[in-house]
Amino acid sequence: MTKLLIILTVLSSFLTNLEQKTLKSDFSITVTEEVNAPMNFPGWILMQGDKFRLEMMDIEAAYDGKTMYMYSSNTDELTLSNPTEQELLEANPFLYAKALVDVCNIVEKASGENTLITLTPKDQSIGINRFVLKVRNADLMPLSVELKEGKKNTTLKFKEPKFVPTNPDYIFVLKPSKNTYVIDMRL
């Protein structure tokens, strides 16, 4: 029972940290499947709680707590929507981890300067095999996230993550330029 309380304390402290501070980091996502070569996608992210702003390939996305902004530089289009809970979970791995806590077995392994927190679903029918979060012990900084879904493995590695001063909410909003085509799908 004591070990479970420690695990939940580390995970809970980590998630609380992300609610209160703004994380900034470059990242790379690697997606591998048994039959295909790995695909790598670099980008950067800024996040606080459920709010985020990221850029990856030709897409810039942001969520301000209410509206999802998706901008494509290839088409100069900005799409505005009210995302579903599922869409937010898919966009933000830390919201996904938070949602998994109640339906997973949690194992923590501290090793040197880092801790691995592994969430394994109690019921495999939820679609994933495991979610592994690697956190630096000194400041609870996320270093990587690994998601195993059947034959597909997705790894998100943070490059020099840091907490930055929190700015007003406008940093989680994308503003169209004069010629940008805006598609408003909000209800």
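The shown structure was predicted, so the numbers you read here are calculated from the model rather than taken from an experiment.

**Examining the overall build of the protein**
Next, step 1: Regarding its fold elements, the protein presents three helices and twelve strands.
Next, step 2: Relative to its length of 187 residues, the protein is compact, with a C-alpha radius of gyration of 17 Å against a globular reference of 16 Å.
Next, step 3: Taking the principal axes of the C-alpha coordinates as reference, the protein spans close to 60 × 40 × 30 Å.
Next, step 4: When each of the 187 residues of the protein is scored for burial, the buried share is 42%.
Next, step 5: Of all intrachain contacts in the protein linking residues separated by at least 6 positions in sequence, the fraction that spans at least 24 positions is 47%.
Next, step 6: Working note: accessible area of the protein is about 10900 Å², and carbon and sulfur atoms make up 53% of it.
Next, step 7: Each charge class in the protein was averaged separately, 21 positive and 24 negative side chains, and the resulting centres sit 4 Å apart.

**So, the confidence of the model for the protein**
Next, step 1: Of all residues in the protein, 94% attain a pLDDT of 70 or more, and the chain-wide mean is 88.
Next, step 2: Ranking the helices and strands of the protein by mean pLDDT puts strand 6 (residues 77-81) first, with 97, and helix 1 (residues 2-20) last, with 69.

**Quick notes on the pattern of salt bridges**
It is possible for side chains bearing opposite charge to pair when their charged atoms get close.
Next, step 1: Inspection of the entire model under this criterion finds five salt bridges.
Next, step 2: One salt bridge in this structure joins R130 and E146, with 3.3 Å as the shortest N-O distance. Of this pair, R130 sits in strand 9 (residues 130-136) while E146 sits in strand 10 (residues 141-149), placing them 16 residues apart in sequence.
Next, step 3: The partly exposed category is assigned to E146, whose relative accessible area is 24%.
Next, step 4: Residues D139 and R136 are paired through a salt bridge, measuring 3.0 Å at the closest nitrogen-oxygen approach.
Next, step 5: D139 sits in the partly exposed class, given a relative accessible area of 29%.

**What to know about the nonpolar core**
Next, step 1: Formed by 38 residues in total, the largest nonpolar core has its most connected members in F14, F94, I117, L119, F131, L133 and F158.
Next, step 2: Residue contacts for F131: discarding those within four places in its chain leaves P93, Y96, A97, L100, I117, T118, L119, V145, E146 and L147.

About the cut-offs
Residues numbered from 1 in each chain as written. Predicted model: local features only at pLDDT ≥ 70, side-chain atom pairs only at ≥ 80, totals over all residues. Heavy atoms only, no water. Helix = DSSP H or I, 4+ residues; strand = E, 2+ residues; numbered from the N terminus. Rg over C-alpha atoms; globule rule 2.2 N^0.38 Å. Buried < 20%, exposed > 50% of the residue type's maximum accessible area, 1.4 Å probe, protein only. Contact = heavy atoms within 4.5 Å. Areas by Shrake-Rupley, 256 points an atom, 1.4 Å probe, with all protein chains shown as cover. Lys, Arg positive; Asp, Glu negative; His and termini not counted. Charge placed at Lys NZ, Arg CZ, Asp CG, Glu CD. pLDDT = per-residue confidence, 0-100. Salt bridge = Lys/Arg side-chain N within 4 Å of Asp/Glu carboxyl O. Core = buried A, V, L, I, M, F, W, Y, C linked by side-chain atoms within 4.5 Å.

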